[in-house]
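So the chains spell out like this:
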Amino acid sequence: MECIVCKFGGSSLATTGGIQQAASLLKQNPARRCIVLSAPGKAPGITIKVTDLLIAIVKKSLDNRNCSGEIEQVKQRYRDIYISLGVSGDTCENVLSDLDERLSFPRENRDKYRDWVVAAGEDLNARLFAHYLSAEGMTARYISPGDGGLFVTDTFGDAQPLPESSLNLASLKQTCSDTIVVFPGFYGITKSGDIATFSRGGSDLTGAILSDALNAVEYENWTDVDGIYCTNPKIVDSPMQISALTYKEMRELSYIGFNVFHEEAVRPAMDKKIPIRLRNTFNPDNPGTLIASRRLPSERDIVGIASGGGYASFNLQKFLMNREKGFGRRLLSIFEEMSLSYEHCPSGVDNISVILAQAQLTPEIVNTIIRRIEESLQPDEIKTEFGISLIAVVGEGLLHKIGVLAQTAHALADANVNIKMANQGSSEISMIFGIDASDEKRAVKALYNTFFR
Ligand code: ASP
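An account of the accompanying structure is given in this report. The numbers attached to residues start from 1 for each chain and follow its sequence in the written order. pLDDT decides what is reported in this predicted model: residues at 70 or higher carry local features, side-chain atom pairs at 80 or more are listed and counted, and totals for whole chains, interfaces and linings draw on all residues regardless. Values shown for side chains rest on all heavy atoms present in the structure; no hydrogens or waters enter the calculation.

The criterion for a residue being near a molecule or strand is simple. One of its heavy atoms has to lie within 4 Å of it. Near the ligand you find S38, K49, T51, E122, F186, R200, G201, G202 and S203, and these make up its full shell. At 3.3 Å, a backbone N or O of G202 approaches an oxygen atom of the ligand. The protein chains shown are the only cover counted for residues, whose accessible areas, like all others here, come from Shrake-Rupley with a 1.4 Å probe. About the coverage of the ligand: the protein hides 92% of its 260 Å² of free accessible area. Using protein atoms alone on a 1 Å grid, points that fit a 1.4 Å probe yet trap it form a cavity, whereas open point sets bounded by protein on both sides within 12 Å along at least five of seven lines form a pocket; residues with an atom within 4 Å of a point count as lining. Throughout, a molecule is located in a cavity or pocket provided that more than half of its atoms lie within 2 Å of its grid points. Judged by the fraction of its atoms near the pocket grid, the ligand is located in the largest pocket. Just so you know the grouping, Ala, Val, Leu, Ile, Met, Phe, Trp, Tyr, Cys and Pro go in nonpolar, Asp, Glu, Lys and Arg go in charged, and all remaining residues, Gly too, go in polar. Residue composition of the shell around the ligand, grouped by class: one nonpolar, five polar and three charged. We define a polar contact as two N or O atoms separated by no more than 3.5 Å, with the added condition that, inside protein, one atom must be a possible hydrogen donor and the other a possible acceptor, whereas residues neighbouring each other in sequence contribute only through side-chain atom pairs.

DSSP bridges decide pairing: two strands pair if at least two such bridges lie between them. Where helices and strands are cited, they refer to DSSP runs of H or I of at least four residues and of E of at least two residues respectively, numbered from the N terminus. Ordered in space as β3-β4-β2-β1-β7-β9-β10-β8, the eight strands form an open sheet in which the pairing is mixed. Looking at strand neighbours, the two that pair on one side only are β3 (140-142) and β8 (244-246), the edges of this open sheet. For this sheet, the mean angle separating the axes of adjacent strands, direction not counted, is 20 degrees. When β3 meets strand β4 (residues 180-184), the two strands line up parallel, connected through three bridges. Residue pairing for β4: A140 is matched across the bridge by I180. Contact definition: two residues touch when any of their heavy atoms are within 4.5 Å. Note on geometry: axes are lines fitted to C-alpha atoms, helical ones only across the stretch in contact, with angles between N-to-C directions running from 0 to 180 degrees. Against the sheet, helix α1 (residues 16-28) contacts β1 (4-8), β2 (32-37), β4 and β7 (218-223), and its axis sits at roughly 160 degrees relative to β2. Across the sheet, helix α6 (residues 120-135) is in contact with β2, β3 and β4; its angle to β4 comes to roughly 160 degrees.

This next bit is on the layout of surface pockets. Grid points are joined across faces, edges and corners, and a volume is the space filled by probe spheres set on the points. Of the voids in this model, the largest pocket is the one considered here, and its volume is about 1300 Å³. What lines the largest pocket is a set of 42 residues, among which K49, T223, N259, V260 and F261 lie closest to the centre. Elements supplying a minimum of two residues to the lining of the largest pocket: α10 (203-213), β7, α11 (247-255) and β11 (304-317). If you add up the space inside the second largest pocket, you get close to 370 Å³. Surrounding the second largest pocket, 18 residues form its lining, T246, S293, R294, R295 and E396 being those nearest its centre. Its residues placed into classes, the lining of the second largest pocket shows six nonpolar, four polar and eight charged.

So, about the pattern of salt bridges. What counts as a salt bridge is simple: a side-chain nitrogen of Lys or Arg found within 4 Å of a carboxyl oxygen of Asp or Glu. What the rule picks out here adds up to 30 salt bridges. Here E220 makes a salt bridge to R32, at a shortest N to O gap of 2.7 Å. One end of the pair, E220, is in strand β7; the other, R32, is in strand β2, with 188 residues separating them in the sequence. Summarising the burial analysis for this pair, E220 and R32 share the class buried. A 1.4 Å probe rolled over the protein chains alone gives each residue an accessible area, and that area as a share of the maximum for its type sets the label: buried under 20%, exposed over 50%, partly exposed in between.

See below:
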């Protein structure tokens, strides 16, 4: 039987109406056999996500501060949603008591404790949702990552799925044939039986892992927007919706700024070429945005323009640098030894820059980097720049299209934007420019007008 895996995000599940809508979407298409749920998120009038409340609870309880108000607030969110949907008060309280149990777990390892408590957001939701589907007369079963065998590394707060998970979860195919599998997103089980969560937004990853394991015909990712827009709607008014893009294009766009879909979630679907469709729970008539291995040549060469700020650059000059063997390796090893992750390393004849996220830096770290560079590489000059924004023009069309770089440079020049750095990798599916943060919005608007209007 064909199986569609559906993941519903927190904004889709924040209210009784959202939950009813999710159930009705399951009823509308019998191929929707597996549903992955986030914790209830924000909605009009609801200003905090359950996950954020749980994080606040963990912080307070680790500091031995009273958090009974927040605990009650979390429980009330679920009662408000499910009791009016016909889940009995007793069932609700029974499920919610699990939160108290988690809060009494040992706290020596703070990260482990955090994950046990924070994962409750998804877990309680999945259990109550399965009760609700049963009350609606649907055959549904809650399956936890422990039951299904979704094993992950014990890197709490940033767990990675272990390879055997896919094989373990494949056995759920049988269950899916006669039951809707209701699975909590965002976490897995370590080899020692602890809960470990993915990074924030990680329910997308759970959906992708299940799509891979169940060999889904499609992975539907239901959210509160119609699809992916070709640029940031906070910068350009009502930008065009992207109808289709490739996995690689999605990866490039989510690298800077496009965070509609968790960046690690592309991989499991891409490996099996499972199409991912981002859709709006509250506007299912819109076909959404398809992410697949290929798109048609008739579609645009450029699919999107992404931008993001907060980068710093270390720019080195040294006469005859090009003849000095190992210069680049020694430079990058300084960053590696200091556990700093770099983003780009554009170079010229006698100059090279290292661009990295500024959030990793402190004045002391900057000073150490400069000192180490001087000791190891004796550059003629070393300059630092902060507050750089990166802007990416992304599209598989770049591979065979002449003049896109020229068009981009023209558009930026006309908008009076100075390009500090330009980088096009060998994959030729994105061009990345470093510009002054104060130029970012102007640059995005200019490029949108050039490629999409
Ligand atoms: N609830 C978690 C978060 O807010 C995970 C998710 O929704 O994907 O990050």
